[in-house]
Amino acid sequence: MFASATILPILHHHRQHHRVASRIARTSTQTASLHGRRRDQRLVVTNNNNNSNSSGICGIDLGTTNSAVAIVTDSGKAEIVPIPTINNMQTTRTMPSVIHFTSTGEVLTGHDAVPFLRSDPKNTFGSVKRLIGRKYRKAKEDMQSVSYECCFDDETKRVGIKVPNLGKDVSLLPEEISSKVIERLVLEAERYRGLERGTIEKAVITVPAYFDQTQVDATIDAGMMAGLKVVKTLREPEAAALAYGVDIMNPDLDETIFVFDLGGGTFDVSILEVGGGTLEVLATGGDSRLGGDDLDVAVAKWMSKECDKKGLIVDFRGALLNARRTREKLSDVDVVNVPLPPDGKEVAFTRQMLEKACTSVLRRMRQPCVECADSAGVNLERLRQIEEAKNKKKNRNKISTRSAGRPFDRVLLVGGATKTPCVRKFVENTFSRKPELDLVDPDEVVAIGAAVRAGSLSGTIDNVDTFNPLEAGLIRAFAAAKGLNNTEAGGAVGDLEDDDGEYDEFDEAYLKQDEGEWEDEEIPEDLDDLKEMIEQ
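Caption draft 1: Quick look at the packing of aromatic side chains. Counted under the stated rule, the structure contains 10 aromatic pairs. Pairing Tyr136 with Phe152 gives two aromatic rings, centres 5.5 Å apart and planes at 90°, and the pair type is edge-to-face. Of the two residues, Tyr136 is situated in the loop between β10 (124-125) and α4 (140-144) and Phe152 in strand β11 (residues 150-152); the sequence distance between them amounts to 16 residues. Take Phe152: its relative accessible area is 32%, and that puts it in the partly exposed class. Pairing Phe258 with Phe408 gives two aromatic rings, centres 5.2 Å apart and planes at 65°, and the pair type is edge-to-face. You can see Phe258 sitting in strand β16 (residues 254-262) and its partner Phe408 sitting in the loop between α12 (380-392) and β21 (410-414), a full 150 residues away along the chain. Each member of the pair, Phe258 together with Phe408, is buried. Put simply, the rings of Phe101, Phe125 and Tyr148 touch in pairs and so form one group of aromatic residues.

Next up, the structure:
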């Protein structure tokens, strides 16, 4: 057994408020050749089964509060890697995204670092994802919400983070700190598979849909600093769609999907359109300062009020920990007996009380949902009214859904906080339909989706290719022009039918020569040019 108190080597390149330019220059050289992606990409799924080994690649969910890693077995199954806790007493499916730098030059990650959030907050770093790749002048509000000290990085003009235990004026970029989380996750994946250290050299790391290119590049830099040789990125809502088994490969599929992602410290919503073998992000939104932690604070406040009524003094931090346990237990039962200090006398806390305590937090979730849906032409309030009218069976013949837009075909839940009963009830009421439940653990959705993409890269799973809007749009238009999206034509994705009734195989090799942007001279003028380029 491996001890969970893993000590990772500290970064070797410290600086007195400066760093070697070559480390950052990688953004314009190494990373450009590795990914070349843009945030406005679409997923295009094709069949490309190779007999490659999947042991050298993994999928990583680099989260704000918690992170997870998943691998793909040789049989093509995506599996979450269990992470040992302190003293290896047990394992969990996720790991806190927390890093602690000790005074002796060691680095503690995950559960091992969490105790230092209280005892040494200046050298313990959480929620680093909020700052990764961010310009200093645009991240001031986020910098004020953390307990450690941030600074201006002269080299990159971005946010730096001071690490007193490494030296008086030593600071690191957020990606340098995040690299230690990635390094630990990769290490656990190698241990889980019984591999030698350094065997896993490739990874698919997920990023929020709203990340700009600088933030994506910084995430890739973090992977490179962790020792990976190849890093691919995948947007989190796309990973969710893959994990939930959305049949992207079905050319006849035409669905609009809402992804509701409530993590510990952030709330993200996205709308996906699936059709013609492509998956496209239509709209994104959310609140970077809203998450499951706010639900815990609401419950902790209720506990504090109960103690005040009894004339008791309560430590709010202790109440917060107790609140989280209570909220999590209510995911499985209707009533939880909550012990109150100092004598531990228990008070019943029900799901109805949880919903009442969290009302203000739930209200904050509604506006991002409404705005995101509205940008995709869907009026959630009108849909709710229509659904209520249908249920009451009043004026059914007069009900018109035109003004409401097309209802969402599926609602996918992501993030551990979505297990909370009042959150699921809120989602059902907001979207007038039940979300997808029990298909996959919301805590593990993103990592599983990243592993599916990793499996496609290794050839273990049917391929999921990424193209920019121009490429995906031309491919979809070309497919439509050839009748591939017409069920009566009997066509199949990946085959092009000529006028003589014979099929020419779709040459995917050309499109894979560069997974990133097409060069200007490569962009076809019309569909005929595209067909000619494909047939070459």
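Now, onward.
Caption draft 2: Inspection of the nonpolar core at higher detail. Ranked by size, the top nonpolar core spans 77 residues in total, and within it Phe258, Phe260, Met365, Val423 and Phe431 carry the most contacts. Take this core: its biggest share by element is 8 residues, from helix α14 (residues 445-458). Within the second largest apolar cluster, 45 residues are counted, among which are Val128, Leu166, Val170 and Phe211.

Caption draft 3: Representation of the pattern of salt bridges within the structure. One pass over the structure, following the stated rule, counts 29 salt bridges. In this structure, Arg384 engages Glu381 in a salt bridge whose closest nitrogen and oxygen atoms are separated by 2.3 Å. Of this pair, Arg384 and Glu381 are both found in helix α12, 3 residues apart, which corresponds to roughly one turn of the helix.

Caption draft 4: The sheet that holds strand β12 (residues 159-162), seen in detail. With respect to topology, 3 strands assemble into an open sheet ordered β11-β12-β13, the strand pairing being antiparallel. Edge strands, defined here as strands with exactly one partner in the open sheet, are β11 and β13 (171-172). Where β11 meets β12, 3 bridges bridge the pair, whose relative direction is antiparallel. Among the inter-strand pairings, Cys150 is bridged to a residue of β12, identified as Ile161.

Caption draft 5: Examining the sheet that holds strand β9 (residues 107-109) more closely. Strand order in the open sheet formed by 3 strands is β9-β8-β10, and the pairing between neighbours is antiparallel. Sheet topology places β9 and β10 at the edges, where each strand pairs with a single neighbour. Where strand β8 (residues 99-101) lies against β9, 3 bridges are found, and the strand directions are antiparallel. Across the sheet, Ile99 pairs through a bridge with Thr109, a residue of β9.

Caption draft 6: Highlighting a positive patch on the surface. A cluster of basic residues, Lys135, Arg137, Lys138 and Lys157, forms a positive patch at the surface. The topology assignment puts Arg137 in the loop between β10 and α4.

Caption draft 7: Structural detail: the confidence of the model for the chain. Summarising the model, the chain shows a mean pLDDT of 78, and 72% of its residues fall at 70 or more. Overall, residues 45-51 carries pLDDT values under 50, and its contacts beyond four positions in sequence, including any with other chains, amount to 23 contacts.

Caption draft 8: Representation of unusual backbone geometry. For Ser127, which is not a glycine, the phi torsion comes out positive at approximately 55°. Of note, Ser127 is situated in the loop between β10 and α4. Positive phi, close to 55°, is recorded for Ser432, a residue that is not glycine. Here Ser432 falls in the partly exposed class, since its relative accessible area comes to 22%.

Caption draft 9: Spotlight on α12. End to end, α12 covers 18 Å across 13 residues, agreeing with the expected 18 Å (1.5 Å per residue, within 8%). Every buried residue belonging to α12 is among Leu380, Leu383 and Ile386, and all of these are buried. End-on, the buried residues of α12 take up no more than an arc of 120°, which puts them together on one face. The inward-facing, buried residues of α12 contact α11 (359-375) and α13 (421-431). Sitting at the amino-terminal end of α12 is Asn379, which places a side-chain oxygen 3.1 Å from the backbone nitrogen of Glu381.

Caption draft 10: Region of interest: the packing of α11 against α13. Direction vectors running N to C along α11 and α13 enclose 40°, while the axes themselves pass 11 Å from each other. The handedness of the crossing between α11 and α13 is right-handed. For the pair α11 and α13, contact is made by Leu362, Met365, Arg366 and Cys369 and by Cys422, Val423, Phe426, Thr430 and Phe431, respectively.

Caption draft 11: Representation of the pairing of β16 in the model. Taking burial as the measure, the 9 residues of β16 include 8 buried ones, the bulk of the element. Taken together, the 9 bridges between β16 and strand β17 (residues 267-275) define a ladder with antiparallel strand orientation. Among the inter-strand pairings, Phe258 is bridged to a residue of β17, identified as Ile271. Counted along the chain from β16 to the antiparallel partner β17, the turn is 4 residues long. As paired strands, β16 and β21 are joined by 5 bridges and run parallel to one another. When the sheet's bridge partners are listed, Val259 is paired in β21 with Leu412.

Rules and cut-offs
- Per chain, residue numbering runs from 1 following the sequence as it is written.
- Only residues with pLDDT of 70 or above have their local features reported here, since the model is predicted, and side-chain atom pairs are shown and tallied only from 80 upward, although totals for entire chains, interfaces and linings are computed over all residues.
- To obtain the side-chain values, all non-hydrogen atoms of the structure were included, while hydrogens and water were left out.
- What counts as a ring pair is set by centres within 6.5 Å for rings of Phe, Tyr and Trp (its six-membered ring), and what kind of pair is set by the plane angle: stacked under 30 degrees, edge-to-face over 60, tilted for all other angles.
- Strands are runs of DSSP state E lasting at least 2 residues, helices are runs of H or I lasting at least 4, and numbering of each runs from the N terminus.
- When accessible area is computed with a 1.4 Å probe and restricted to protein chains, residues below 20% of their type maximum are described as buried, those above 50% as exposed, and intermediate ones as partly exposed.
- The term nonpolar core refers to a set of buried residues drawn from Ala, Val, Leu, Ile, Met, Phe, Trp, Tyr and Cys, joined through side-chain atoms within 4.5 Å.
- In what follows, salt bridge is the name for a side-chain nitrogen of Lys or Arg lying within 4 Å of a carboxyl oxygen of Asp or Glu.
- Strands pair, by our definition, only if DSSP identifies at least two bridges between them.
- Without a salt bridge and with relative accessible area above 30%, a residue can belong to a patch; like charges are then joined within 9 Å and nonpolar side chains (Val, Leu, Ile, Met, Phe, Trp, Tyr) within 5 Å.
- Every accessible area reported is derived by Shrake-Rupley at a probe size of 1.4 Å, with residue values counting cover from the shown protein chains alone.
- His is not counted here, nor are the chain ends, while Lys and Arg score as positive and Asp and Glu score as negative.
- By convention, charge coordinates are those of NZ in Lys, CZ in Arg, CG in Asp, or CD in Glu.
- The pLDDT value expresses, per residue, how confident the predictor is, ranging between 0 and 100.
- Every residue pair with non-hydrogen atoms within 4.5 Å of one another is taken to be in contact.
- A helix is expected to span 1.5 Å for every residue after the first.
- Think of it as the arc spanned by the lines of direction from the helix axis to the C-beta atoms.
- For this analysis, a polar contact is any N or O atom pair within 3.5 Å, provided that within protein one partner can donate a hydrogen and the other can accept it, and provided that sequence-adjacent residues contribute only side-chain to side-chain pairs.
- Fitted lines through C-alpha atoms serve as axes, helices being fitted only where they are in contact, and the angles separating the N-to-C directions of these axes extend from 0 to 180 degrees.
- Handedness of each helix crossing follows the sense of rotation of the near helix against the far helix: counterclockwise by less than a right angle gives left-handed, clockwise gives right-handed.

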